[in-house]
Amino acid sequence: MRGGPHAMLGPALLGFWDAERVDRMALAGNNVTSWTDLINGYTVSQATSGFKPLWESTSFGGRPGVRFDGTDDYLEMAPSPLPSGSAPYEVWALVTQTALAADAGSKMAFSSGGTSGALSRRVLRAPSAGVNRASITVPDGTSFATVRDDVTDFSGGPFICRSVFADGASALQVNGGTSVTGTGTLAGTTSNRLRFGASSPTTASNFWQGLISAILVTDPLSAAQAAQLTRWGKDRGAIA
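Quick look at the structure, then.

1. Description of helix 2 (residues 223–237)
Here's step 1: Helix length check: helix 2 (15 residues) gives 21 Å between terminal C-alpha atoms against 21 Å at 1.5 Å per residue, within 8%.
Here's step 2: Residues of helix 2 that are buried: Gln 225, Ala 226, Leu 229, Thr 230, Trp 232, Gly 233, Lys 234, Arg 236 and Gly 237.
Here's step 3: At the C-terminal side of helix 2, Ala 238 shows a positive phi close to 55 degrees.

Structure, rendered in structure tokens:
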């Protein structure tokens, strides 16, 4: 059996929210009130009943996942505990994505930072030319650059998405496929809040539609570490 992310990455693993660890969640019925990471105890939460996503025991290919409804569900922590400014890190998201391509606008699985795209790092779905696409946005303090995978149809899933936020070297890789790179400046990330399932401005929007099985935040990884973590995600999601 392969080792898990802790064994693979050691101190490079900064945060790990795992839907299979229900002991790290506070539930009201199946509604997720809070979700605590396994590394540093970072807790994202939701106090409003109607905005809570649902923990489901078998929806992620027979395994647990947290379902976000695409309308108003999200979890948050303020301030964000993640690196800010131009400090690099990676976000790995094991998800399904169920919004139709005809549903215009972006839907965010992850956002950390401030009150606009110029101040926050985001992992999202947005349609392009009638097809769902995975994207990240990389802030520079005054604007943001988009890195988008224009090959993978980001519909259904599961998917394992590797999002690299690094100055001049940001990248996005879906299911271990070709890595799409960007050259934009990474700067200006603030620490207002961390959100799963929505954008980071004061009023949440751009709500994720689908399941989140796991979100991991890591230091920049070596090629060998990234290959191991990709294999772990593909095994867990039964991704070919």
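2. Focus on unusual backbone geometry
Here's step 1: That bond from Ala 78 to Pro 79 is cis: its omega, -5 degrees, falls within 30 degrees of zero.
Here's step 2: Residue position: Pro 79 is located in the loop between strand 7 (75–77) and strand 8 (89–97).
Here's step 3: For the peptide bond that leads from Gly 157 to Pro 158, omega is 10 degrees, which places it in the cis range.
Here's step 4: Phi is positive for Ala 129, close to 50 degrees, though the residue is something other than glycine.
Here's step 5: Among the structural elements, Ala 129 can be located in the loop between strand 10 (120–128) and strand 11 (131–139).
Here's step 6: Take Ala 129: its relative accessible area is 81%, and that puts it in the exposed class.

3. Focus on the pairing of strand 16 (residues 193–196)
Here's step 1: Of the two faces of strand 16, both are covered, the one formed by Arg 193 and Arg 195 as well as the one formed by Leu 194 and Phe 196.
Here's step 2: As paired strands, strand 7 and strand 16 are joined by 3 bridges and run antiparallel to one another. Of the residues in strand 16, the one forming a bridge with Leu 75 is Phe 196.

Each value, and the rule that gives it
- Residues numbered from 1 in each chain as written.
- Predicted model: local features only at pLDDT ≥ 70, side-chain atom pairs only at ≥ 80, totals over all residues.
- Heavy atoms only, no water.
- Helix = DSSP H or I, 4+ residues; strand = E, 2+ residues; numbered from the N terminus.
- Expected span 1.5 Å × (residues − 1).
- Buried < 20%, exposed > 50% of the residue type's maximum accessible area, 1.4 Å probe, protein only.
- Pairing = 2+ DSSP bridges.

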